[in-house]
Amino acid sequence: MAALKPTVITLATLAFLLTLTVGWSVALSSGVSAEVRFGRNVRVGGHDFSHQRFNRKRRAEIYLYDRAPARSGCVWRSDGRGGKVKTCHLRAIR
């Protein structure tokens, strides 16, 4: 009976960790399928982002700076996974 108690505790811990892992994987995978659609008159850092869509294949990385960045503007590049990334270095408007 003494050897059975550590086994039960080990199995309970393992079941808890498995449940926690499955819960996190479901919670994190549901956010990946999101799509962002900008509507009319959307401006970020003075650039027009109206009527653009971004999802996991077409992503955007927007960096805002207090001063003018060295390479300002937006560029489309391949992300190496079959998608495209729009990288923008913009000055924040105050």
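What counts, and at which threshold
Residues numbered from 1 in each chain as written. Predicted model: local features only at pLDDT ≥ 70, side-chain atom pairs only at ≥ 80, totals over all residues. Heavy atoms only, no water. Pairing = 2+ DSSP bridges. Helix = DSSP H or I, 4+ residues; strand = E, 2+ residues; numbered from the N terminus. Phe/Tyr/Trp six-rings, centres within 6.5 Å; stacked < 30°, edge-to-face > 60°. Buried < 20%, exposed > 50% of the residue type's maximum accessible area, 1.4 Å probe, protein only. Disulfide = S-S within 2.5 Å. Salt bridge = Lys/Arg side-chain N within 4 Å of Asp/Glu carboxyl O.

Q: I'd like a description of the pairing of strand E7 (residues 84-91), backed by residues and values.
A: Here eight bridges tie strand E5 (residues 58-65) to E7, and the two strands are oriented parallel to one another. If you follow Arg58 over to E7, its bridge partner there is Lys84. Where strand E6 (residues 73-78) and E7 come together, six bridges link them in antiparallel fashion. Bridge pairing links Gly73 to His89 in E7. In this structure, the hairpin formed by E6 and E7 is closed by a connection of five residues, where Gly80 is found at a positive phi of approximately 85°.

Q: Got a sec to walk through the packing of aromatic side chains? Specific residues and values, please.
A: On inspection of all chains with the given rule, the structure shows two aromatic pairs. Arranged with centres 6.3 Å apart and planes meeting at 75°, the rings of Phe38 and Phe49 form a pair that is edge-to-face. Of the two residues, Phe38 is situated in the loop between strand E1 (36-37) and strand E2 (43-44) and Phe49 in the loop between strand E3 (47-48) and strand E4 (53-54); the sequence distance between them amounts to eleven residues. Overall, the relative accessible area of 1% leaves Phe49 in the buried class. With a centroid separation of 6.1 Å and an interplanar angle of 70°, the aromatic rings of Phe38 and Phe54 are classed as edge-to-face. With a gap of 16 residues between them, Phe38 in the loop between E1 and E2 and Phe54 in strand E4 connect regions that are remote in the sequence. Under the relative-accessibility criterion, Phe38 is labelled partly exposed at 27%. According to the relative accessible area criterion, Phe54 is buried, its value standing at 8%. Taken together, Phe38, Phe49 and Phe54 form an aromatic cluster joined through their ring pairs.

Q: Requested: an account of the state of the cysteines, with residues and values cited.
A: The final tally for this structure, using the stated rule, is one disulfide. Here Cys74 engages in a disulfide with Cys88; their sulfurs sit 2.2 Å apart. With the S-S dihedral at roughly 115°, the linkage between Cys74 and Cys88 falls on the right-handed side. Of this pair, Cys74 sits in strand E6 while Cys88 sits in strand E7, and the two are 14 residues apart along the sequence. Residue Cys74 is classed as partly exposed on the basis of its relative accessible area, which comes to 32%.

Q: Outline the pattern of salt bridges, supporting the account with residue identities and numerical values.
A: Going through the model one piece at a time under the given rule, you end up with three salt bridges. A salt bridge links Asp79 to Arg59; its shortest N-O distance comes to 3.7 Å. Here Asp79 is found in the loop between E6 and E7, whereas its partner Arg59 is found in strand E5, with 20 residues between them in sequence. Residue Arg59 is classed as partly exposed on the basis of its relative accessible area, which comes to 25%. Between Arg81 and Asp79 there is a salt bridge whose closest N-O contact spans 3.7 Å. Its relative accessible area of 61% is what places Arg81 among the exposed residues. Overlapping salt bridges bring together Arg59, Glu61, Asp79 and Arg81 as one network.

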